[in-house]
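# Structural description and commentary
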Amino acid sequence: MTASPYQQQTTAEECERALRMYRQMLKIRLFEEQVNDLYLTARMPGLAHLYIGEEGVAVGVCEALRRDDFITSTHRGHGHCLAKGAAVDRMFAELLGRHAGYCRGKGGSMHIADQEVGNLGANAIVGGSTGIATGAALSAQMRGTDQVAACFFGEGALGQGLLYEAMNMAALWKLPVIYVCENNLYNEYTHFRETTAGDIRSRPAAFGVPFESVDGQDVRAVYAAMSGVVDRVRSGAGPAFLECRTYRFFGHYVGDIDRSYYRSKEEEQDWKTNRDPIVRLGAWIHSEGLAAEQELEQVKREVEEQIRAGVEFALAAGFPDASEVDQHVYA
Ligand SMILES: Cc1ncc(C[n+]2csc(CCOP(=O)(O)OP(=O)(O)O)c2C)c(N)n1
């Protein structure tokens, strides 16, 4: 039986999307591995919070957004920036404090913004992203555009009052904002059940904000859920809340090496072995016959080269001039 042109088109689109998401997740994974290496070899000032394991969330969410839609991010933000379109070389430059970085080397790991692609920035204040995204959504509504704002935050932000003030306003004013809760189970070194009373869904429900929960290790599921949410929010239905259930494979930050006092090695191993979002998408691509093993290997080689060139660029880049010390900063 011959497939209809419509079916062929859908398959081609799906295939293209799957390969794009695979490449994006791999880029985040290899970027983060390199960040860890820069930290361990004392070539990076400060520290970083690795996103490894959570790639399916950033990539699935951003795949459902337009370039001119907004995102706001967190202390664990490299994946969000890359998924929204940031360039690897300028990201590394920022982490290494170089002038060529996104914030002229003055922001570092936790403050990367890239307004050309709608990334309003990461920030280290737990829950801070929710206020900024809600403001961006208000701005889009007042300007009469159909942009939406998606804010990433960890489940630790469920304890922050700002989230509830922002959701209240967003619900009253039907703002085009999507609250994307990355529930990776731990707020630093504490399981979220020890900090979060009741059921997560009841929190947005209190404001009449629709709630959905999705397996964050399945990038296709995240994309599908987010696409539906974005359509509704863009059409003026008001805010939405999407919980993505996920896990960070490494420590809270790069120096968090001994984690046995707050979570077991078996638990970590289970997530790494059975719930790796990249392995999972790769397996699906194979099972659907969308790409051969060699093609995925080729993608990996290309991303490795991109990462290698990005680090090389950043290591060779200059630092900002001392005369700039009080410019482009806010206090
Ligand atoms: C307002 C505020 N309180 C406390 C901290 C210290 N802090 C940094 S990260 C973190 C835990 C964040 O957990 P979660 O929001 O779940 O994000 P995750 O690190 O799991 O991605 C805390 C308490 C902070 N940065 N900001």
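The structure this text deals with has already been given above.
Here's a quick rundown of the structure. (Residues numbered from 1 in each chain as written. Predicted model: local features only at pLDDT ≥ 70, side-chain atom pairs only at ≥ 80, totals over all residues. Heavy atoms only, no water.)

Here the focus is the sheet that holds strand E3 (residues 177–183). The five strands lie next to each other as E1-E2-E3-E7-E6, forming an open sheet whose pairing is parallel. Edge positions in the sheet fall to strand E1 (70–72) and strand E6 (211–215), since each has one partner strand and no second. Ignoring strand direction, the axes of neighbouring strands in this sheet form an average angle of 20 degrees. Both E1 and strand E2 (residues 149–154) contribute to a ladder of three bridges, which runs parallel. By the bridge assignment for E2, Thr 72 is matched with Cys 151. Where helix H6 (residues 161–172) meets the sheet, its contacts fall on E2, E3 and strand E7 (240–245), and the angle it forms with E3 comes to roughly 150 degrees. (Pairing = 2+ DSSP bridges. Helix = DSSP H or I, 4+ residues; strand = E, 2+ residues; numbered from the N terminus. Axes fitted to C-alpha atoms, helices over the stretch in contact; angles between N-to-C directions. Contact = heavy atoms within 4.5 Å.)

So, on to helix H4 (residues 88–95). With respect to burial, H4 is a largely interior element, six of its eight residues being buried. What H4 keeps buried is the set Val 88, Met 91, Phe 92, Ala 93, Glu 94 and Leu 95. After H4 finishes, the residue Gly 97 shows a positive phi value of roughly 75 degrees. (Buried < 20%, exposed > 50% of the residue type's maximum accessible area, 1.4 Å probe, protein only.)

We now examine the site of the ligand. Near the ligand, the surroundings consist of 15 residues, among which His 75, Arg 76, Ala 124, Gly 156 and Tyr 186 are the closest. Separating an oxygen atom of the ligand from a backbone N or O atom of Tyr 186 is a distance of 2.9 Å. Within the side chain of Glu 188, one N or O atom sits 3.3 Å away from a nitrogen atom of the ligand. Here the ligand loses 73% of its free accessible area of 580 Å² to cover by the protein chains. Its residues placed into classes, the shell around the ligand shows five nonpolar, seven polar and three charged. (Near = heavy atom within 4 Å. Polar contact = N/O pair within 3.5 Å; in protein donor to acceptor, adjacent residues only side chain to side chain. Areas by Shrake-Rupley, 256 points an atom, 1.4 Å probe, with all protein chains shown as cover. Nonpolar A, V, L, I, M, F, W, Y, C, P; charged D, E, K, R; others polar.)

As far as function goes, none of this settles anything; it's purely spatial.
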